[in-house]
Amino acid sequence: MNVWGEQLMNALVIGSFYSLIALGYSMVYGIIQLLNFAHGDVYMVGAFVGYGVLSAMSGAPLFVGLGAAFLFASLATGLLGLGVERIAYRPLLQSSRLVMLITAIGVSLVLENGVMLALGPSFRVMPVELPRSGLSLFGADVTYAQLAIIATSVGLMLLLDAFVRRTLYGKAMRAIAVNPTATALMGIPVHRVIALTFFIGSFLAGSAGVLAGVYYGKINFMMGFIVGLKAFTASVLGGIGSLPGAMLGGYLLGFLETFGAAALGGEWKDVFAFVILILILTLKPTGLLGRTGTERV
Amino acid sequence: MTATSFRARASQGATAGLLLALFLFPRVASNYWLDVFTSAFFYVILALGLNVVVGFAGLLDLGYAAFFAIGAYTTGILTTVYHVPFLLTVPAAAALAALSGVVIGAPALRLRSDYLAIVTLGFGEIIRITAKNLTLTGSASGIYGIPRPTVFGHALKTQQDFYYLLLILAIVTYLAMRRLEHSRVGRAWKYIREDEDAAAAMGIDPFRYKLLAFVVGAVVGGLAGTVFAVRMTAIAPESFGFMQSVLILLAVILGGLGRLPGVVLGAFLIVLLPEAMREFASWRYFLFGALLIAMMHFRPEGLWPAGRRKMPQSGRAALNGGDGR
């Protein structure tokens, strides 16, 4: 048994979840400078949609069910992101920051408590169990499920990276992040690109939600609250607005938290992330891969 | 001119009548309603404190309950473990709240001010989890048996005592806030809120004033916490969660950001509304969330706004010019 190796795998799995969510934070922040507090709750909704699909398909083979749950939940949360952007944020794009932030808190409360009202406050147990089989890597027991989660997450991140770098829409996103007015003047449909950004960010958070729901086996309407905060920490750690930064930050936070909790005791796990957040804001506010220089208000 | 002086006199008369009614209220009210109003005064104080941060300075604090917790736990621990008299715990609680305000506020406020929102949110969780994990703070069950205080030789015991204590404290806080609002500092805060660059150009240091606003808010929250501890005689970590912070924020936003009578109205609303709709108790936070969104869309200036427009429309550079950063 190699305990450290197993902790490493745990860190990679949890880091994958943080990275996927942090990407959405970073993209939305990069493009409209909004801290989307409701992003963690999109992750939660993803887990619940996955739960619904898996419950409906309980007779189907495991992989078919998982695949359908993953696709359906990611698409559904992507659409949820579109809806939230259209209804809650778009009419306020010209308002002050405070108005946007307070709206985001409102959206978060509505999502959490909407799910609570619809499905009840208790934990739900996912109707599937992942196979426990796996292999031994350097003496550490690694399950295939863990490898699949990490591979899926990394795959999604590579796709996103290619999309932002190679496609016309990706270029439009980067252009809006630099200067929205000039972008609009060049004839680029700014609102459509912002909507697309919300779709992609929410898609990734929703996919993280299904993966996490299946991996941990239990879901609850508040599961996105702390995870969302930590994913935000991850995106600040990597440098908010930077996509490679969000990925790096997510994995780094996964490692720091896993090994920090192993050293200090599990009950301090949640405190750890916030201490890192405050430290990074004090010592290197641009994050590891962020742009240097202070940002203009 | 006569019209304004008439209005001023009418509003003075209304205020005096309202205060008289509140002072006489315990003679007619049942203990239940006395308790509800005591809670309302309590939220008035908290909302007035948070209003300094959110309303005057235009910063978002999502962990206000943390300062309230720091005050409550300071008094709780000092009176039960070290047997310090209540009044001596008050300055200690204020100092601790101020200190944590600086520690949290300084790194966040040096950067973009919207980082403050998430840092305070994280801080609120740190305080709650720490209180739950330490034996000094009584772990999950909290601290109980906090002695009733003696203030100037008068032991506060009955519900009526606390009603009057909180009524007086709420009035004092209100008057202090009104003085503060119209002081040099208060004007500087509003200037920063409306246009930070212009304020800086006029020689106001935005960082120092924002930090001051944050610390003043923290101290008021801490002081409210000390009173909370002796009123309840028992405190537990779950009283100081995120929802508590949201509730206080809602009070500030409902009535009218930055406008003191509006904030008082908001505090009464958040205490009285749940009383009025008990059968919808589980809908409470859903409705609060929807209310926040609706307020921001249709009435960002609150239910009882000031005469002139308060919310700046020019603070963002997302789509209306600027270089977008």
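Residues numbered from 1 in each chain as written. Chains lettered and ligands numbered in written order. Predicted model: local features only at pLDDT ≥ 70, side-chain atom pairs only at ≥ 80, totals over all residues. Heavy atoms only, no water.

## Describing the overall build of chain B
We apply this condition: Numbering of helices and strands runs from the N terminus; a helix is a DSSP stretch of H or I covering at least four residues, while a strand is a stretch of E covering at least two. Our radius of gyration is a C-alpha quantity, and the globule rule it is checked against amounts to 2.2 Å times the number of residues to the power 0.38. When accessible area is computed with a 1.4 Å probe and restricted to protein chains, residues below 20% of their type maximum are described as buried, those above 50% as exposed, and intermediate ones as partly exposed. Each accessible area is a Shrake-Rupley result for a 1.4 Å probe, and residues are judged covered by the shown protein chains and nothing else.
Along the backbone of chain B there are 12 helices and four strands. Since a compact globule built from 325 residues should have a radius of gyration of about 20 Å, the 20 Å found for chain B is in line with a globular shape. Seen through its principal axes, chain B has C-alpha atoms that stretch 60 × 50 × 40 Å. For chain B, buried positions account for 55% of its 325 residues. About 14,100 Å² of surface is accessible on chain B, with carbon and sulfur atoms providing 65% of the total.

## Overview of the UniProt feature "transmembrane region" (unreviewed entry) in chain A
Rules: UniProt positions are given in the numbering used here, feature names are shortened, and annotations may be inferred rather than shown by experiment.
With numbering matched to this structure, UniProt assigns "transmembrane region" (unreviewed entry) to residues 12-35, 69-89, 101-123, 143-164, 193-215 and 271-290 of chain A. Annotated as 88% helix and 0% strand, the span residues 12-35 of chain A places its first and last C-alpha atoms 25 Å apart.

## A short note on the environment of F123 of chain A
Residue and element names in this part refer to chain A. Our working definition: Contacts are assigned to residue pairs with any non-hydrogen atoms lying within 4.5 Å of each other.
You can see F123 is positioned in the loop between α4 (97-119) and β1 (124-125). Overall, F123 belongs to the exposed group, its relative accessible area being 52%. Considered as a pair, F123 and K218 are 95 residues apart in the sequence and their alpha carbons are 6.2 Å apart. For F123, the contacting residues outside a window of four places in its chain are K218, I219 and N220.

## Describing a nonpolar patch on the surface
Residue and element names in this part refer to chain A. Where we set the bar: Patch definition: residues above 30% relative accessible area lacking any salt bridge, with like charges linked at up to 9 Å and the nonpolar side chains Val, Leu, Ile, Met, Phe, Trp and Tyr linked at up to 5 Å. Definition used for salt bridges: Asp or Glu carboxyl oxygen within 4 Å of a side-chain nitrogen of Lys or Arg.
Together, L135, L137, F138, Y144 and L147 make up a nonpolar patch on the protein surface, roughly 520 Å² of accessible area in all. For the nonpolar patch, the secondary-structure elements that each account for two or more residues are β2 (134-137) and α5 (144-166). Considering the arrangement of structural elements, one finds L147 in helix α5. A relative accessible area of 32% means that L147 is categorised as partly exposed.

## Concerning the packing of helix α3 (residues 64-80) of chain B against helix α10 (residues 242-255) of chain B
Residues and elements named next belong to chain B. Put simply, the test is: The axes are straight lines fitted to the C-alpha atoms, using for helices just the contacting stretch, and the angles between their N-to-C directions are given from 0 to 180°. Oblique is the label for any angle not under 35 degrees, not over 145, and not in the 65 to 115 range, which are roughly parallel, roughly antiparallel and roughly perpendicular in turn. Here a crossing is called left-handed whenever its near helix is offset anticlockwise from the far helix by less than a right angle, and right-handed whenever the offset is clockwise. When residue character is reported, Ala, Val, Leu, Ile, Met, Phe, Trp, Tyr, Cys and Pro are called nonpolar, Asp, Glu, Lys and Arg charged, and the others, Gly included, polar.
One way to put it is that α3 packs onto α10 with a least axis distance of 7 Å and a crossing angle of 110°. With respect to α10, the element α3 is oriented roughly perpendicular. Here α3 runs over α10; the crossing is right-handed. Facing α3, whose interface residues are Y64, A65 and F68, α10 presents Q244, S245 and I248. Considered class by class, the residues forming the contact of α3 with α10 number four nonpolar, two polar and no charged.

## Thoughts on the UniProt feature "transmembrane region" (unreviewed entry) in chain B
Residues and elements named next belong to chain B. UniProt feature "transmembrane region" (unreviewed entry): in the numbering of this structure it lies at residues 40-59, 66-84, 90-108, 162-180, 211-234, 246-273 and 280-298. What you have in residues 162-180 is 100% helix and 0% strand, and the ends, taken at the C-alpha atoms, are 26 Å apart. As annotated, residues 211-234 comprises 92% helix and 4% strand, and the C-alpha atoms at either end are separated by 32 Å.

## Examining the side chain of S74 of chain A
Residue and element names in this part refer to chain A. Looking at the element boundaries, S74 is found in helix α3 (residues 62-89). Accessibility expressed as a relative area gives 0% for S74, which makes it buried. Those residues within four positions of S74 in sequence are excluded, and the remaining contacts are F203, G206 and S207.

## Describing the interface of chain A and chain B
Quick note on the threshold: A quick way to say it: buried area is the sum, across both parts, of accessible area lost when two parts are put together, with a 1.4 Å probe. Think of a polar contact as two N or O atoms within 3.5 Å of one another; within protein, one of them needs to be a possible hydrogen donor and the other a possible acceptor, and neighboring residues in sequence only count if both atoms come from side chains.
Facing the 57 residues of chain A at the interface are 53 residues of chain B. Surface buried jointly by chain A and chain B totals about 5,300 Å² across both partners, of which 72% is contributed by carbon and sulfur atoms. Our count for the chain A to chain B interface comes out at one residue pair in polar contact (both at pLDDT 80 or more). Examining the composition of the side of chain A that touches chain B, we find that 17 residues originate from one element, α4 of chain A, more than from any other. A per-class count over the side of chain A that touches chain B returns 38 nonpolar, 12 polar and seven charged.

## Quick word on helix α6 (residues 159-181) of chain B
Let me state the cut-off plainly: Any helix carries an expected span of 1.5 Å times its number of residues minus one.
Spanning 23 residues, α6 of chain B covers 32 Å between terminal C-alpha atoms, matching the ideal 33 Å at 1.5 Å per step. Of all the positions in α6 of chain B, only D161, F162, Y163, L165, L166, L167, A170, T173, M177 and E181 of chain B are classed as buried.

## Things to note about the packing of helix α1 (residues 3-32) of chain A against helix α9 (residues 223-238) of chain A
All names here are of chain A. Remark: α1 packs on α9, axes separated minimally by 8 Å, with the N-to-C direction vectors making an angle of 70°. As the angle between them shows, α1 and α9 are arranged roughly perpendicular. Taking contact as the criterion, the partners of Y18, I21, A22, Y25 and S26 in α1 are, on α9, V227, G228, L229, K230, A231, F232, A234 and S235. Here the residues of the contact of α1 with α9 sort into nine nonpolar, three polar and one charged.

## Details of the pattern of salt bridges
Residues and elements named next belong to chain B. Considering all chains together, one arrives at 10 salt bridges over all chains under this definition. Put simply, D35 and R231 hold a salt bridge, and the shortest N to O gap is 3.0 Å. In this pair, D35 sits in helix α2 (residues 31-56) while R231 sits in helix α9 (residues 206-232), placing the two residues 196 residues apart along the sequence. Judged by relative accessible area, which is 32%, D35 ranks as partly exposed. A residue is classified by how much of its surface remains accessible, and R231, at 11% relative accessible area, is buried. Linking E238 and K132 is a salt bridge whose minimum nitrogen-to-oxygen distance equals 3.6 Å. With E238 in the loop between β4 (234-235) and α10 and K132 in helix α5 (residues 115-133), this pair connects stretches of sequence that are 106 residues apart.

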